[in-house]
Amino acid sequence: MAHTRDASWDTDLIWHYFKTVSTKANPGSYSQYYRNQDSGGELSDRARVYEMLVDEPEHTLPTLMPTTKESLDNYGKSKLPWNQNNGGFLTSVNQQYWCGSIIKMVFVRYMGWPMKEPDDQRYPGKKGSDAVQWIIDKLKKNIPVRASLGGQHYVGIVGHRVTTVAPPHGVAGPVDLFNEFLCIDPWAYGTKGDNMHMKYAGAATAFLGISKQAGSSWTYGQQGKIVQWVETPK
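Here the structure is a predicted model, which is why all the values come from computation and not from measurement.

Some details on the overall build of the chain
Stage number 1. A count of helical and extended segments in the chain gives 8 helices and 11 strands.
Stage number 2. Computed over its C-alpha atoms, the radius of gyration of the chain comes to 18 Å, within 12% of the 17 Å expected for a compact globule of 234 residues.
Stage number 3. Taken along its principal axes, the extent of the C-alpha atoms in the chain is 60 × 40 × 35 Å.
Stage number 4. Within the chain, the proportion of its 234 residues that are buried is 48%.

Written as structure tokens, this is what we have:
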């Protein structure tokens, strides 16, 4: 199936690393974690990952079922490499959730991070730290950024755009500008299961989300989880 870039995003590392870049993305040192999930090496094909994301509901939009267990069983069938609920991946990590680690693994395998822990951090609102512009600059250099949402939950920032919101009709006032960041999310539909309306490149997906920043407000998802810090390796 022919694909076109989602033009709504000014920068888009999903398109860059899964469509523009064509080299194989072998798991390398992470082979033990992908062995059960991808025994045939399908995920080494970047374009194949993109197809899963935008063309194949079994992988990108698992069906919600009447019970949590049934839904999780469906989540477990998705082979998207950042799906921490994949049944094979969970087997390799003793049924533990590796939210931040799986983001790092995807960034190392597909998006150019070095094999090291992120040690360059920015904190929203901290004096002298322009975390927003820092992320935008990183994305322009094709460097993804991991974002902490508190606790053990992380998302991976892989795109950016500026959106505008005009005042209501008949009301005088300036047009508001918002930064929106495209994120890969290791939880299908988000941790609260409320990310139900996300679309990317025209396709509905449960494994992407949007982080919004305006002034001092910087949140992720429908529940408005606050972005705690953002980071990359130096």
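Additional details are given in the paragraphs that follow.
So, unusual backbone geometry
Stage number 1. With a phi angle near 55°, asparagine 94 is a residue other than glycine that sits in the positive phi range.
Stage number 2. Tracing the backbone shows asparagine 94 in the loop between helix H6 (87-92) and helix H7 (99-111).
Stage number 3. Of note in the backbone geometry, glutamine 95 takes a positive phi value of approximately 65° without being a glycine.

Things to note about the pairing of strand S4 (residues 154-165)
Stage number 1. The pairing of strand S1 (residues 11-12) with S4 spans 2 bridges and is classified as antiparallel. Residue pairing for S4: aspartate 12 is matched across the bridge by glycine 159.
Stage number 2. Two elements, strand S3 (residues 145-148) and S4, share 4 bridges in a ladder whose sense is antiparallel. Of the residues in S4, the one forming a bridge with serine 148 is tyrosine 154.
Stage number 3. Two successive antiparallel strands, S3 and S4, enclose a turn made up of 5 residues, where glycine 150 displays a positive phi of approximately 95°.
Stage number 4. As paired elements, S4 and strand S5 (residues 176-184) share 9 bridges and run antiparallel to each other. Bridging from a neighbouring strand, valine 162 pairs with asparagine 179 of S5.

Comments concerning the packing of aromatic side chains
Stage number 1. One pass over the full model with this rule turns up 13 aromatic pairs.
Stage number 2. A centroid spacing of 5.0 Å and a plane angle of 50° characterise the contact between phenylalanine 18 and tyrosine 110, whose relative ring orientation is tilted. Pair noted here: phenylalanine 18 is in helix H1 (residues 13-20) and tyrosine 110 is in helix H7, with a separation of 92 residues, a long-range link.
Stage number 3. Using a relative accessible area of 1% as the deciding quantity, one classes phenylalanine 18 as buried.
Stage number 4. Note on tyrosine 110: relative accessible area 1%, which makes it buried.
Stage number 5. Ring centres of phenylalanine 89 and tryptophan 98 lie 6.3 Å apart, and the angle between their planes is 85°; on these two criteria the pair is classed as edge-to-face.
Stage number 6. Owing to a relative accessible area of 0%, phenylalanine 89 belongs among the buried residues under this scheme.
Stage number 7. Judged by relative accessible area, which is 23%, tryptophan 98 ranks as partly exposed.
Stage number 8. Cluster of aromatic residues (ring-pair linked, three or more members): Tyr30, Tyr33, Phe89 and Trp98.

Quick notes on the nonpolar core
Stage number 1. Ile14, Trp82, Tyr200 and Val230 are the most contacted members of the largest nonpolar core, which totals 59 residues.
Stage number 2. Of all the elements, H7 adds the most residues to this core, at 8 residues.

Comments concerning the pattern of salt bridges
Stage number 1. A full pass over the atoms with the stated rule returns 12 salt bridges.
Stage number 2. With a shortest N-O distance of 3.2 Å, arginine 48 and glutamate 51 are connected by a salt bridge. Placement of the pair is arginine 48 and glutamate 51 together in helix H3 (residues 46-55), with a separation of 3 residues, close to one helical turn.
Stage number 3. The class of arginine 48 is buried, set by a relative accessible area of 17%.
Stage number 4. The shortest N-O distance in the salt bridge between glutamate 56 and arginine 48 comes to 2.7 Å.
Stage number 5. Of the residues examined, glutamate 56 reaches a relative accessible area of 23% and is grouped as partly exposed.
Stage number 6. Counted as one network, the salt bridges with shared partners bring together Asp38, Glu42, Arg48, Glu51, Glu56 and Lys79.

Quick notes on the pairing of S5
Stage number 1. Note: S5 against strand S8 (residues 208-214), 6 bridges, orientation antiparallel. Across the sheet, residue isoleucine 184 finds its bridge partner in S8, namely leucine 208.

Here is what the cut-offs are and how they apply
- Residues numbered from 1 in each chain as written.
- Predicted model: local features only at pLDDT ≥ 70, side-chain atom pairs only at ≥ 80, totals over all residues.
- Heavy atoms only, no water.
- Helix = DSSP H or I, 4+ residues; strand = E, 2+ residues; numbered from the N terminus.
- Rg over C-alpha atoms; globule rule 2.2 N^0.38 Å.
- Buried < 20%, exposed > 50% of the residue type's maximum accessible area, 1.4 Å probe, protein only.
- Pairing = 2+ DSSP bridges.
- Phe/Tyr/Trp six-rings, centres within 6.5 Å; stacked < 30°, edge-to-face > 60°.
- Core = buried A, V, L, I, M, F, W, Y, C linked by side-chain atoms within 4.5 Å.
- Salt bridge = Lys/Arg side-chain N within 4 Å of Asp/Glu carboxyl O.

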